[in-house]
Each structure stands twice: as C-alpha cells, then as structure tokens.
Amino acid sequence: MSPRLPPQGDSVDAIPTVRIEGNAKQAIEVGRNRLLVAGMFFAVAFTLVAVRLVDIAAFRGGGEPSVVRESSATVLKTGRADIVDRNGLLLATSLSVPSLYADPKEVIDVEAAAQRLITVLDHLSAAKVAAKLKATKRFVWIQRGLTPRQQYRINALGIPGLHFQREERRVYPQGSLTSHIVGYAGTDSVGLGGLEKQFDGMLRDGAQPLKLSLDVRIQHILREEIGRQMVKFDGIGGAGVVLDANTGEVIAMVSLPDFDPNLTGAAAEDARFNRATLGVYEMGSTFKIFNTALALDSGSATMNSGYDATNPIRIARFTINDYHAKRRWLSVPEIFMYSSNIGSVKMALDFGLAAQRGFMGKLGFLAPLSVELPERGTPITPSPWRRINTMTIAFGHGIAVSPLHLASGVASMVNGGIRWPVTVLKRDSSARTVGKQVISKRTSKQMRQLLRLVVENGTGRKAAAEGYLVGGKTGTAEKPGESGAYARKALLSSFVAAFPMHDPRYVVLVMIDEPKGNKESHGYATGGWVAAPAVRRIVSRSAPLLGLLPMDEESPEIRQVLEIELLAEKGRKRLASF
Amino acid sequence: MSTVDRTDTSVIGNWWWTVDRWSLGALALLVMFGAMMVFAASPAVAERLHLGSYHFVQRQLMLLPVAVVLMLAISLPDPLAIRRLACLGFAGCIVLLILTLVFAAEIKGAQRWLSIAGFSLQASEFVKPCFAVVTAWMFAEWRRSPGFPGHWIAIGLHALVAGLLLLQPDLGQTVIVSAVWFGQFFLAGLPVILVFSLVGIGAVALVGAYFTFGHVRDRVDRFLDPAGSDTYQVDRSLEAFANGGLMGTGPGEGEIKTFLPDAHADFVFAVAGEEFGALVGLVIITVFGFLVLRGYLRLISESDLFVLIAAAGLLAQLGLQSFVHMASSLQMIPTKGMTLPFISYGGSSLLALSLGMGMMLALTRKRPGRGGMS
C-alpha cells in the first residue's frame with residue numbers, strides 16, 4: 001500500500017480552486033471550533049481525575065498502612081467452624097499457630113543452624129534438620145504447630161533463612177471425651193474422621209458453630225462408668241449410648257478404647273474404631289425385646305400366653321437351651337424375665353419368618369443407620385433368611401447390628417412405638433421430624449411393663465437405680481470365634497435400659513466386649529453382672545443433671561401404670577394349674 | 001539553549017527553532033519520571049515472577065534511549081514524509097496483526113505478542129499512531145477534494161483495524177482506536193446528528209462487548225457492584241493512594257505496591273501515588289493535561305486540516321490512554337488494563353508512543369507561513 005493518491009488529491013501540491021478553497025476554509029473552521037470542544041473534554045476529564053486523586057489520597061484512610069487486610073482475609077477464608085455440645089460447650093475449635101519453615105538458599109551455615117535449632121526443638125535430630133536445610137528447594141517445613149514460647153526462642157536464635165508461617169490448628173479442648181463423634185482433622189485442617197469428616201465442607205466455610213445433641217456432662221459419666229467396668233472385668237473394649245427416647249438425639253455415645261484427637265498420629269487402629277456405630281455385633285438376649293414386642297403386637301401371643309420351656313430345642317446340629325433354665329411352662333412375662341431362649345424361639349415360630357424379617361426392616365436393622373457419621377456399620381443379616389435364622393434371631397443371634405441400632409430400636413419400643421431417626425446434631429425443636437409408628441401404643445406400654453419387671457425381679461436387678469424406675473434387658477452373647485463357631489469364653493455382655501419406665505425419657509445402653517468374670521461376680525461375666533451395675537450408676541448420676549427428680553417407685557399411680565407384677569403373678573398362678 | 005544559533009540552518013538547528021519546546025520538555029519529564037517509576041514499581045513484580053529483581057529495570061533502561069532517539073528522529077521530517085511513513089507503518093502493522101493472530105502464543109486468554117528475534121512485539125500498540133495519521137489524511141482529503149470518498153475509506157480501515165484487534169481479543173485497544181478515530185471524524189466535520197448516532201453505535205457496541213466477552217462483563221460487574229465480587233486489584237490500588245497521602249511514603253517505601261499484581265504496568269499510577277504522593281500525582285496529571293491542551297491550543301491556529309486532525313488524533317490517543325489508566329486505578333471507570341504513556345513498563349508501548357509523539361512533534365513544528373500544506 002503506497003501513498004498513491006487519487007487525481008488532484010496530493011494535498012501538498014494541490015492547486016486550489018476557489019470552490020475547494022472555500023470548502024477547505026470552511027472545513028478548517030469547523031475543525032478549529034470542534035478542537036475547542038475536544039480540548040474541553042480533556043480538560044474536564046483530567047480535572048476529574050485530579051479531584052478524585054486528592055479525595056482518595058488526602059481524605060481516605062491515610063497514615064496507617066492497611067496491609068493487614070491481606071492477612072485478615074486469609075484467616076477468614078480458612079477459619080474452620082467450631083463444634084459445640086448441646087449446651088454450647090466447646091468440643092473443637094481452631095487456633096492460629098506458627099509453623100517453622102526454612103528457605104535453604106538463605107541458610108548460611110547449615111550445620112551450625114541445625115545444632116542451634118535443636119536446642120529449642122529438642123525432639124528433632126540435628127542430622128535430619130541439617131538434611132532438610134541442605135535441600136535444593138526454596139521451602140522446607142521444619143516443624144509445624146509451634147508453641148508461642150518455641151517461636152520466641154527460635155526467633156531469638158536469629159538464624160537466617162528460618163521463617164514462620166501462621167497456620168490453623170484444630171484443637172479439641174475435651175481431649176478424647178468425644179473423639180469418635182467429633183472425629184478429628186489432620187495437619188492441614190482437613191476432616192479425617194467423625195463429624196469433622198462428615199461436615200468437612202460445611203465446617204470449612206461455616207461461621208456458625210456446629211451444635212451437637214451431645215451433653216458433655218452425660219458423655220463424661222458414660223465414658224467413666226464404661227471404663228470402670230472395662231477395667232474391672234478386663235474387657236477388650238466397650239461401648240455405650242444415652243439416647244433421648246422421644247427425639248432420637250444422641251445425648252452421649254462412647255466407644256472404648258478411644259484416642260486423643262489432638263494427637264491423632266499416636267492413635268492405634270483399634271482406638272479409632274467406633275464400636276458404637278461402626279462395629280456390628282450379635283447382641284444376644286436384648287433382642288428378645290423385639291421378639292416379644294412383635295409377638296404381642298402381631299397378636300400371635302398375649303401377656304397371658306404360655307410356652308413350654310421344659311426341654312431344649314434341637315434343630316439340625318444345634319441345641320437351643322436356657323441359661324437360667326426353669327424346665328417348665330413359662331408365661332410371656334416369665335420368658336422375658338428369665339430370658340428364656342426356648343420360650344423366645346417358640347414365640348418366634350408362632351409369628352413366623354416373614355413377620356420377623358418385616359419387623360427387623362421396620363426397625364431399621366437391615367440397613368446402616370442414618371446417623372450423621374461417616375463411620376456407620378452395615379448390619380449382617382441372614383441371606384437366605386431361613387427357619388433356623390428366625391429361631392436364632394429370636395434370642396439375638398444370626399443378626400449383627402451396631403449398638404446404636406439397638407438403642408434406637410429400644411427407644412421406639414418404649415416411647416409409644418415411634419421410631420425417630422437417630423441424630424448426633426441438636427434437633428431444632430421448631431422443625432418437627434416425623435417419626436414412624438412401628439408398634440402400637442398398647443404394645444409399647446406392655447413392653448415398658450416387661451422391661452421394668454426384668455429390673456424388679458429378673459436378670460437386671462443390678463440396674464435398679466432407686467427412684468428412677470429403670471427398666472431394661474440383659475444381653476450376654478457368645479462371640480463367634482475365628483472359625484465361626486461360638487466361643488463360650490468370649491462374651492459380649494450388655495444391658496439396655498430406659499428410664500423412668502412409666503414415661504421413658506432416655507435409653508441407656510452399656511456393652512462390654514469380652515469381659516472376664518472375677519471373684520466379686522462369682523466368675524460371672526454376663527450382662528446382668530457386668531453391664532447392669534454400670535447402667536445403675538449412669539442413671540443415678542445423669543438423671544439429676546437431665547432434670548429428672550427421683551420418685552416414689554411404690555406410689556399407687558406408678559404401680560398402676562406398671563402393674564405387670566399382678567399380671568405376671570396371675571399368669572404364673574394360671575400356668576401353675578396346668 | 002544557546003548552543004544552537006538562531007541563524008543555524010542545519011537540520012538540527014532548523015528543528016530546534018521550529019519544534020515546540022514546551023511539549024518537548026513535557027515529554028522529557030514523562031520519560032524521566034518513567035525511568036524513576038520502573039525502579040519503584042517493577043522489582044516487586046519481578047521477584048514475584050521469579051525473575052531477577054532488576055529484570056524489568058534493565059530492559060526498560062536499555063529501551064529508553066532507543067525510544068528517545070526514535071522520537072527525536074521522527075520529529076525531524078516534514079508532514080508529507082510523516083504521512084508516507086505512517087502509511088508504510090500502517091500497512092506493516094496490518095500484516096503484523098494478521099501474523100499475530102496466526103502465530104502468536106496465547107497469554108492470559110489473548111493473542112497479542114508476536115515474538116521477533118527475541119523481542120516480543122505488540123503490533124496493536126504500533127498500529128494506533130499510524131492509523132491516526134492515515135485516517136487524518138483520509139478525512140482531510142474527504143473535506144478538501146469533493147467526490148473523494150476519504151471518509152468511506154476511513155470507515156473501512158477502521159472496521160479492518162477494530163476487527164483485527166477484537167479477534168485477539170483486545171477490547172481496550174479497540175476502544176482507544178475507535179474513540180480516537182471518532183474524535184478525528186468529529187474534527188473533520190461529521191454532521192452533528194451523525195455524531196450522536198455514532199456515539200449511540202459505540203454505546204451499543206460496548207454493551208455488546210459486555211455480553212460477548214466474559215472478562216469484560218466480569219470487570220464491569222465488579223465496578224458496578226464492588227461489594228459482591230473480588231475487586232482485589234483496584235482495592236489495593238485505592239489503598240495505595242490512601243497510604244501515600246499527599247506527600248507519599250517516599251521512594252521504595254511503598255508497601256501496598258507489593259500486593260499489586262500489575263504494579264509496573266497497569267497500576268503504575270497507584271505506585272506513584274503511594275511512594276511520591278498525590279502532589280506528584282497531580283504533577284503527572286498536569287503534564288499529561290498540559291501536553292494535550294497545549295497541543296490543541298496550538299492546533300487552533302493550524303491551517304492544514306490534515307495536520308490538525310492527525311496531531312489532534314495523536315494527542316487524543318495519549319490523553320485517552322493516560323485518562324483510562326489513571327481513572328481505572330482510581331476506580332472511576334471499570335478496570336481496564338492500559339499502560340500509562342511513557343511511565344508504565346512495556347517495550348512496545350514505549351516505542352509506539354515515541355513514534356506517535358515523534359510524529360506529533362513533527363506535524364506541529366512551525367512551518368514558514370503556516371500554509372505550506374494547503
């Protein structure tokens with residue numbers, strides 16, 4: 001493209017004609033006038049910029065440099081929300097701590113630096129520190145999460161190339177008390193277990209603390225009492241639950257052994273295992289609660305029915321016998337009170353396989369719990385579900401569920417027959433959760449009477465916390481050994497209770513894994529000896545904290561509600577006439 | 001300067017007595033201030049990019065003498081030679097712009113830099129002054145030679161340049177080029193009704209850009225609703241001005257500048273505001289305003305329409321670019337990456353501005369009788 005011009009277009013040598021001259025003159029006049037307009041535009045624009053500049057520089061902020069905004073913004077972004085118990089007590093929080101790193105390029109004398117550094121960080125070895133300081137990288141961590149004193153002393157060493165970075169560290173003021181529920185977060189504040197994992201995303205950008213249904217006071221009592229029994233009976237583990245029977249909220253839940261979430265690196269695999277929700281166990285006789293409830297609810301038996309428990313049942317290669325064998329006909333309350341396997345099996349055969357499987361499903365025993373923890377065990381259920389399974393499930397073998405499953409099932413047996421979803425988060429009283437009716441109110445009332453009977457006269461007498469009308473059921477299951485055969489010595493002893501029995505507020509479950517009998521228990525390691533006393537202490541210690549007043553257990557009103565004794569007496573009399 | 005005699009008729013002597021020495025002085029001030037600012041603003045950015053602290057300083061200081069010599073050399077020839085030079089330059093730039101689209105690597109979502117012999121060249125910078133002179137010629141011919149469709153050619157060339165720039169995409173340069181082009185059309189006597197129509201078309205085009213280009217929408221949204229979005233850069237920029245106050249923190253004492261991602265280029269005015277204070281900022285504004293307004297005042301007595309339009313266009317480009325830069329960093333308009341002429345870091349920008357200002361100086365030199373061109 002060359003500047004070749006159209007005819008007579010070359011302006012430099014153009015021969016002006018009069019007309020063009022006039023035209024050009026007019027054009028240049030317009031151009032000059034408009035130049036003034038353009039000039040005005042720029043004058044105004046630059047003036048505005050000048051005014052704005054002075055306004056910002058002279059009348060905003062000033063003096064104090066506002067670089068702090070940079071750091072405050074980062075803290076806000078990474079600040080992980082707190083976790084608190086139902087009363088607002090702190091269970092997990094985040095602190096800003098200094099971490100030490102080095103830029104090896106800036107370190108002058110590596111060996112000297114390492115030697116001096118270990119005078120403060122004495123758990124590190126000089127050789128390892130020196131190796132880090134020799135790295136070719138520009139950034140190596142030396143130690144994360146220093147105390148302020150350590151930071152001060154390292155600073156005082158004045159070693160070039162060492163720098164601090166503020167980091168967030170998760171702190172659990174309650175230590176191991178709620179370890180399995182709250183869980184824990186790793187070095188970079190990433191949730192790795194429990195609620196910290198389940199709600200990781202929410203905690204990360206949530207400013208509101210996560211409020212749990214737990215009550216730290218009850219949690220402490222539960223943990224202490226289960227720990228006591230574990231030591232006393234030399235158990236390998238233990239689990240316990242205190243559940244609000246009318247809302248499904250977990251008030252306390254313990255799995256022992258536990259761990260300190262502040263020191264997760266040191267925790268053993270077994271300690272991290274949540275026996276209360278992840279472990280599934282054959283619960284044994286506590287399942288007779290459901291067996292009896294189904295028999296009564298389906299109408300296959302009444303409180304006045306009786307079954308022949310004279311002889312053991314032989315099926316295939318098994319023999320089903322009674323532990324507290326009476327060798328006679330037993331009424332339904334007696335079967336429950338004496339925990340008769342023979343009677344329970346016969347009751348189950350009356351309502352049958354399909355009804356049993358359906359009922360287990362209704363109770364939620366065939367699927368993992370809906371609780372908000374990542375550690376949820378899947379129940380082990382018979383497949384196919386045969387007649388023999390129906391017989392063993394009658395007394396709690398052949399189906400394995402988590403302890404929390406059991407507590408939740410018992411809650412719906414005593415609270416009027418409603419199954420509430422279990423939760424570890426505090427329920428909003430305004431947001432009404434819909435429960436599901438699983439048994440009739442009438443059956444539920446009968447179950448309360450039967451459970452009370454066990455504590456008054458049966459296998460659970462050691463659970464009687466005076467004034468709190470405890471009702472419950474023992475369970476002593478034989479654990480399947482390596483080979484799958486049941487080992488008599490390895491027991492799972494439990495007691496599941498509710499109180500106060502005329503209008504149950506709370507369900508308490510205590511389970512001790514592999515307790516060994518001692519002198520005091522005359523060699524027994526059954527639920528009645530191992531778990532029931534713990535329940536008694538838990539109830540008498542917690543009830544006042546939960547706002548329950550002790551009552552006169554012999555008062556006529558309460559007697560009337562829990563009039564089972566009369567019925568049982570009547571039944572026994574009637575049976576005696578057989 | 002008494003070293004050049006009034007009667008000296010050599011090229012240099014002639015130049016010295018005809019060039020506008022006030023404009024020359026203002027430009028010299030800007031160049032010196034630019035050299036100072038590259039020391040203040042670029043080391044922090046260079047360190048963040050893991051280059052040597054003085055990486056940008058060295059490059060800029062090597063280019064500054066080249067730029068000054070280029071500007072002075074271009075200011076020597078007469079208007080006819082300038083026009084021819086601009087035409088050649090314009091043709092070359094169009095070729096380079098096409099090559100850029102074909103060969104250039106994509107940086108931050110756009111193809112803008114063409115790598116030639118180790119020097120990355122931003123053709124869009126060089127096209128601006130050349131285009132201003134070429135369109136000035138076309139508009140002048142349109143008015144001077146009845147029947148010559150100069151304005152249509154100018155419209156066509158504008159469509160070509162704007163199209164090539166939008167393909168990169170480089171909306172900022174497109175807006176500057178179009179605004180200057182429109183200003184020149186206005187000076188050339190565009191009927192008032194069409195002035196308003198073109199302003200309307202421009203507005204529609206900008207709204208279109210808002211919906212077409214994600215980053216444009218993003219920036220406009222941030223400007224209109226600073227609370228609801230991330231306005232990190234411009235927040236830091238305002239903090240820098242506030243931190244500097246009237247007197248500034250002193251050279252090298254700025255703190256906010258270390259958090260400004262583009263401190264050496266798109267936000268150099270904020271660094272100046274922090275370290276040298278608002279008073280020096282006002283001096284910078286004054287120098288730019290002086291250059292533009294003095295040029296315009298001198299052009300009012302110009303009798304050659306081509307010179308008037310061309311020089312006004314070149315000055316408008318300088319003025320608009322500095323206005324957009326300063327107004328962005330003061331959050332008066334949406335953030336638009338735009339260099340501050342002669343002060344921001346950037347080789348292509350510096351050389352292209354030297355070219356433009358060199359042409360401006362050449363065009364506005366006193367010519368015998370002032371009528372030499374018409």
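On a predicted model such as this, the values are computed, not experimentally measured, just so you know.

A. Quick look at the overall build of chain A. Along the backbone of chain A there are 20 helices and 20 strands. By the burial criterion, 53% of the 578 residues in chain A qualify as buried. Considering only intrachain contacts with a sequence separation of at least 6, the fraction spanning at least 24 residues in chain A is 71%. With the model as given, the accessible surface of chain A reaches about 26200 Å², and the carbon-plus-sulfur share is 55%.

B. Looking closely at the overall build of chain B. Summing up its helical and strand segments, chain B has 13 helices and four strands in all. Expressed as a percentage of its 374 residues, the buried residues of chain B come to 57%. Taking all contacts inside chain B whose residues are at least 6 apart in sequence as the whole, residues at least 24 apart take part in 71%. For chain B, the exposed surface amounts to about 14700 Å²; the carbon and sulfur share of it is 70%.

C. Local environment of the confidence of the model for chain A. All names here are of chain A. Scored by pLDDT, chain A has a mean of 84; 87% of the residues are at 70 or more. A low-confidence stretch, residues 1–20 (pLDDT under 50), is modelled with 25 contacts involving residues beyond four sequence positions or located in other chains. Scored below 50 in pLDDT, residues 62–78 makes 18 contacts in the model with residues more than four places away or belonging to other chains.

D. The environment of Val 180 of chain B, seen in detail. All names here are of chain B. With respect to the helices and strands, Val 180 occurs in helix H7 (residues 171–187). Along the backbone, Val 180 and Leu 315 are 135 residues apart, and their C-alpha atoms lie at a distance of 9.1 Å. In this structure, Val 180 is in contact with Ala 132, Gly 313, Ala 316, Gln 317 and Leu 320, ignoring residues within four places of it in sequence.

E. Spotlight on a nonpolar patch on the surface. A cluster of nonpolar side chains, Val 95, Ile 98, Leu 99, Val 102 and Phe 103 of chain B, forms an exposed patch at the surface whose accessible area comes to about 470 Å². Among the structural elements, Val 102 of chain B can be located in helix H4 (residues 79–103).

F. Seen up close, the packing of helix H5 (residues 123–144) of chain B against helix H13 (residues 347–363) of chain B. Residue and element names in this part refer to chain B. Close contact between H5 and H13 brings their axes to 7 Å; oriented N to C, the two are set at 15°. Here H5 lies roughly parallel to H13, going by the angle between them. For the pair H5 and H13, the crossing hand works out as right-handed. On H13, the residues that touch Glu 125, Phe 126, Pro 129, Cys 130 and Val 133 of H5 are Ser 348, Ser 349, Leu 351, Ala 352, Leu 355, Gly 356 and Met 359.

G. Molecular detail of the pattern of salt bridges. Within this structure, the stated rule accounts for 29 salt bridges over all chains. Two residues, Arg 144 of chain B and Glu 141 of chain B, come together in a salt bridge whose shortest N-O distance is 3.0 Å. A residue pair is termed a helical-turn pair when its members lie 3 or 4 positions apart in one helix, as Arg 144 of chain B and Glu 141 of chain B do in helix H5 at three residues. Judged by its relative accessible area of 10%, Arg 144 of chain B is buried. With relative accessibility at 3%, the residue Glu 141 of chain B sits in the buried group. Overlapping salt bridges, with partners in common, bring together Arg 80, Arg 170, Glu 196, Asp 200 and Arg 204 of chain A in one network.

H. Molecular detail of the side chain of Ser 444 of chain A. Residues and elements named next belong to chain A. Within the element layout of this structure, Ser 444 appears in helix H16 (residues 441–457). On the basis of relative accessible area, Ser 444 is assigned to the buried category, the value being 0%. From its side chain, Ser 444 meets the backbone oxygen of Met 413 in a polar contact 2.8 Å long. Here Ser 444 is in contact with Met 413, Val 414, Asn 415, Gly 416, Gly 417 and Ile 439, once residues within four sequence places are set aside.

I. How the structure looks around the packing of H4 of chain B against helix H6 (residues 150–167) of chain B. All names here are of chain B. At a minimum axis distance of 10 Å, the contact between H4 and H6 shows a crossing angle of 30°. Taken together, the axis directions place H4 and H6 in an arrangement best described as roughly parallel. The two elements H4 and H6 cross, and the hand of that crossing is left-handed. Across the interface between the two elements, Phe 90, Ile 94, Leu 97, Ile 98 and Leu 101 of H4 pack against Leu 157, Leu 160, Val 161, Leu 164, Leu 165 and Leu 167 of H6. Partitioning the contact of H4 with H6 into residue classes produces 11 nonpolar, no polar and no charged.

J. Spotlight on the confidence of the model for chain B. Residue and element names in this part refer to chain B. For chain B, mean pLDDT is 84; residues scoring 70 or higher make up 91% of the total. At the level of individual helices and strands, chain B shows its lowest average pLDDT in strand E1 (residues 106–107), which scores 64, and its highest in helix H12 (residues 305–329), which scores 93. Of the two predicted TM-score estimates for the complex, the pTM is 0.54 and the ipTM is 0.89.

K. Expanded view of the nonpolar core. Core analysis: the largest hydrophobic core is formed by 130 residues, its most contacted members being Tyr 296 and Phe 342 of chain B. By residue number, the principal contributor to this core is H12 of chain B, which donates 17 residues. Residues within four places of Tyr 296 of chain B in sequence aside, it is in contact with Leu 35, Ala 38, Gly 39 and Phe 42 of chain A together with Ala 312, Leu 315 and Ala 316 of chain B. In this structure, Phe 290, Met 303, Met 347 and Phe 351 of chain A belong to the second largest nonpolar core, which totals 96 residues.

L. Just helix H4 (residues 126–133) of chain A, in detail. Residues and elements named next belong to chain A. For H4, the full list of buried residues reads Ala 126, Val 129, Ala 130 and Leu 133. End-on, the buried residues of H4 take up no more than an arc of 100°, which puts them together on one face. For H4, the exposed residues lying more than 90 degrees away from the buried face are Ala 127 and Lys 128.

M. Main features of the side chain of Thr 392 of chain A. All names here are of chain A. As for its placement among the helices and strands, Thr 392 is situated in helix H14 (residues 387–393). Using a relative accessible area of 16% as the deciding quantity, one classes Thr 392 as buried. Contacts of Thr 392, omitting those with residues within four sequence positions, involve His 397 and Gly 398.

N. Examining the environment of Gln 208 of chain A more closely. Residue and element names in this part refer to chain A. The residue Gln 208 is located in the loop between helix H8 (200–205) and strand E7 (210–211) in this model. For Gln 208, a relative accessible area of 66% corresponds to the exposed category. In the structure, Gln 208 is positioned 125 residues away from Ile 83 in sequence and 9.0 Å away in space, judged by C-alpha atoms.

Reading the values: the criteria
Residues numbered from 1 in each chain as written. Chains lettered and ligands numbered in written order. Predicted model: local features only at pLDDT ≥ 70, side-chain atom pairs only at ≥ 80, totals over all residues. Heavy atoms only, no water. Helix = DSSP H or I, 4+ residues; strand = E, 2+ residues; numbered from the N terminus. Buried < 20%, exposed > 50% of the residue type's maximum accessible area, 1.4 Å probe, protein only. Contact = heavy atoms within 4.5 Å. Areas by Shrake-Rupley, 256 points an atom, 1.4 Å probe, with all protein chains shown as cover. pLDDT = per-residue confidence, 0-100. Patch = residues over 30% accessible without salt bridge, like charges linked within 9 Å, V, L, I, M, F, W, Y side chains within 5 Å. Salt bridge = Lys/Arg side-chain N within 4 Å of Asp/Glu carboxyl O. Axes fitted to C-alpha atoms, helices over the stretch in contact; angles between N-to-C directions. Parallel < 35°, antiparallel > 145°, perpendicular 65-115°, else oblique. Left-handed = near helix turned anticlockwise from the far one by under 90°. Polar contact = N/O pair within 3.5 Å; in protein donor to acceptor, adjacent residues only side chain to side chain. Nonpolar A, V, L, I, M, F, W, Y, C, P; charged D, E, K, R; others polar. Core = buried A, V, L, I, M, F, W, Y, C linked by side-chain atoms within 4.5 Å. Arc of directions from axis to C-beta.

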